[in-house]
Amino acid sequence: MKHFEQLSDLREQVSQWRKQGLTVGFVPTMGNLHEGHLQLIDTAQKHAEKVIVSIFVNPMQFGENEDLDAYPRTLEADKTALTMRGADAVFTPSVKDVYPRGLTAQTFVEVPEISNILCGASRPGHFRGVATVVCKLLNMVQPDVAVFGKKDYQQLMVIRLMAQDLSMPVSIIGMETSREESGLARSSRNGFLSAEQKQLASEIYKSMQSAASAIQEQSNNLKSIEADCTEQLRRAGFKPDYFSIRRQSDLLEPTTRDTDLVILVAAYIESATGTTRLIDNLEVVR
Ligand code: PAF
C-alpha cells in the first residue's frame, strides 16, 4: 500500500491510474480504524478498482469542549490494517496542508437546515466542519465513488446534499452500520468504554428495536414512543441527548402519510475518560 502525505504525490498517482483507465474509490476517515471502517473499504472495492483511504482528524468539526486532543491517533496500526484489507493508498495530509490559511479565514461549505437539527443542534458548527473537509478531500482525491457509513446517518445526508447541490462528479455510497454481536454500532468512541460500559451501550440498539416494534404496532403515537424510549435509556444509566423518529427523506418530523422512517439516537455515557457521546440509528418502514 502506498502512503502519501503530499497532495501533489497523491494527484500524480491518481492521474496514472486514470491513464490506465482505472476507477477510483475513496473512504475518508479520521483514523483509529476498526472493523466498521474496514468494511467501508470492502464496499469501495466493490465499486472501484483502486481504493484510497484518507486519515485526517479534522479540527473544524470538533467543538470547543469536544475531544479533538483526546481523539486517538494510531497511524502505524491503521496502516497495517489497511494493507491487510487491500487498500491501495492512504493519504494523511497535515492540518497545515488542509487549512493553510487557518480555520477561521478558510472558505467553508454549509448545507443549511439539515445541519442545524438533531446532532447539529447539540454540536453547532459540526456539520459545517464535516461538509468543508469532505468537499476539500473530494476535490483533492477526485474519486468516482466515496463511501460513508450509515451509522452517521445525518452526516451521510449532509454529504449527499452537498455533493448534489454543488454538482460534484462523485457517487456517494452509504454502507449499512457495522455492529458487534451485542448490537452496539462499531465506532472509534467505543474505545473509550470498558467492557461493562460497552454492554450498557448496546442498550441503545435495544431501545431502537423496541421503538421499531412499537412503530409497527401503534404507528400514530410516535411522540409517546420517543418519550418511553428516552425514559428507558435514562433508567439504564444514559443521559439521552435525543431519541427521535424522523422521516428518512429529510430528517424532519414525519406526517401520518410518511412510511419510511428512521429512529435516531444520541446519548451520553459516563466512561473512564469522561463523558462519551454515542449515536446510532435504525431505519423502519411502517
Ligand atoms: O465520519 C468521519 O470519520 C468524519 O466525519 C469524516 C467523514 C472522515 C470527515 O472528517
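Below is a summary of the structure that appears in this document. All values derive from a computational prediction rather than experimental measurement.

1. Observations concerning the overall build of the chain
Logical step 1: Within the chain, the regular secondary structure consists of eleven helices and nine strands.
Logical step 2: Relative to the globule expectation of 19 Å for 286 residues, the C-alpha radius of gyration of the chain, 19 Å, shows essentially globular dimensions.
Logical step 3: C-alpha extents for the chain along the principal axes are approximately 55 × 45 × 40 Å.
Logical step 4: Counting over 286 residues, the chain shows a buried share of 52%.

2. Concerning the site of the ligand
Logical step 1: Pro28, Thr29, Met30, Asn58, Gln61, Val133, Val134 and Gln155 make up every residue found near the ligand.
Logical step 2: The side chain of Gln61 places a nitrogen or oxygen atom 2.6 Å from an oxygen atom of the ligand.
Logical step 3: At 2.7 Å, a side-chain N or O of Gln155 approaches an oxygen atom of the ligand.
Logical step 4: When isolated, the ligand has an accessible area of 290 Å², and the protein chains bury 88% of it.
Logical step 5: Of all the secondary structure elements, the ones that give two or more residues to the shell around the ligand are β2 (24-29) and α7 (126-141).
Logical step 6: Among the residues forming the shell around the ligand, the class breakdown is four nonpolar, four polar and no charged.

3. A word on the nonpolar core
Logical step 1: Counting residues in each nonpolar core, the largest one holds 46 residues, and the members touching the most others are Ile52, Val134, Leu138, Met162, Ile172 and Leu251.
Logical step 2: Elements supplying a minimum of two residues to this core: α1 (7-19), β2, β4 (89-91), α7, β5 (145-149), α8 (153-165) and β8 (260-271).
Logical step 3: The element contributing the most residues to this core is α7, with ten residues.
Logical step 4: The residues contacting Leu251, other than those within four sequence positions of it, are Ile114, Ile117, Leu118, Tyr153, Gln154, Met157, Arg246, Val262 and Leu264.
Logical step 5: One finds Tyr205, Leu233, Leu261 and Ile263 within the second-largest nonpolar core, a separate group that totals 25 residues.

4. A closer look at the pairing of strand β3 (residues 50-55)
Logical step 1: For β3, a buried count of five out of six residues is recorded, marking the element as mostly surrounded by other parts of the structure.
Logical step 2: Crossover handedness for the path β2 to helix α2 (residues 35-47) to β3: right-handed.
Logical step 3: With three bridges connecting them, β3 and β4 associate as parallel partners. What sits directly across from Ile52, in β4, is Ala89.
Logical step 4: Crossover handedness for the path β3 to helix α3 (residues 75-85) to β4: right-handed.

5. Considering the packing of helix α10 (residues 203-217) against helix α11 (residues 222-236)
For any two helices packed against each other, one specifies the inter-axial angle together with the distance between the axes.
Logical step 1: Two elements in contact, α10 and α11, have axes whose closest approach is 10 Å; the angle formed by their N-to-C orientations is 155°. Taken together, the axes of α10 and α11 are roughly antiparallel relative to one another. At the point where α10 passes α11, the crossing takes the right-handed sense. Here α10 contributes Glu203, Ile204, Lys206, Ser207, Ser210, Ala211, Ala214 and Ile215 to the contact with α11, which in turn contributes Leu222, Ile225, Cys229, Gln232, Leu233 and Ala236.

6. Here's the deal with the environment of Glu181
Logical step 1: Along the chain, Glu181 turns up in the loop between β6 (171-175) and α9 (195-201).
Logical step 2: The exposure class assigned to Glu181 is exposed, which follows from its relative accessible area of 89%.
Logical step 3: Residues Glu181 and Ser202 lie 21 residues apart in sequence; the distance between their C-alpha atoms is 9.4 Å.

7. Considering the sheet that holds β5
Logical step 1: Spatially, β1-β4-β3-β2-β5-β6 is the arrangement adopted by the six strands of the open sheet, whose pairing is parallel. Here the strands that pair on one side only, and so sit at the sheet edges, are β1 (2-4) and β6. Sheet twist, expressed as the average angle between the axes of neighbouring strands with direction ignored, equals 25°.
Logical step 2: Relative to β3, β2 is paired through six bridges, and the arrangement is parallel. Paired with Pro28 across the strands is Ser54, a residue of β3.
Logical step 3: Here α3 sits on the sheet in contact with β1, β3 and β4, set at roughly 165° to β3.
Logical step 4: The strands that α7 touches are β2, β3, β4, β5 and β6; relative to β2, the one it contacts most, it runs at about 150°.

8. With respect to the side chain of Arg277
Logical step 1: Relative to the helices and strands, Arg277 resides in strand β9 (residues 274-285).
Logical step 2: At 2.8 Å, the side chain of Arg277 forms a polar contact with the side chain of Asp241.
Logical step 3: Within the local environment of Arg277, its side chain forms a polar contact with the side chain of Tyr268, the two groups lying 3.4 Å apart.

What counts as what
- Residues numbered from 1 in each chain as written.
- Predicted model: local features only at pLDDT ≥ 70, side-chain atom pairs only at ≥ 80, totals over all residues.
- Heavy atoms only, no water.
- Helix = DSSP H or I, 4+ residues; strand = E, 2+ residues; numbered from the N terminus.
- Rg over C-alpha atoms; globule rule 2.2 N^0.38 Å.
- Buried < 20%, exposed > 50% of the residue type's maximum accessible area, 1.4 Å probe, protein only.
- Near = heavy atom within 4 Å.
- Polar contact = N/O pair within 3.5 Å; in protein donor to acceptor, adjacent residues only side chain to side chain.
- Areas by Shrake-Rupley, 256 points an atom, 1.4 Å probe, with all protein chains shown as cover.
- Nonpolar A, V, L, I, M, F, W, Y, C, P; charged D, E, K, R; others polar.
- Core = buried A, V, L, I, M, F, W, Y, C linked by side-chain atoms within 4.5 Å.
- Contact = heavy atoms within 4.5 Å.
- Right-handed = clockwise from strand over helix to strand, strands pointing away.
- Pairing = 2+ DSSP bridges.
- Axes fitted to C-alpha atoms, helices over the stretch in contact; angles between N-to-C directions.
- Parallel < 35°, antiparallel > 145°, perpendicular 65-115°, else oblique.
- Left-handed = near helix turned anticlockwise from the far one by under 90°.

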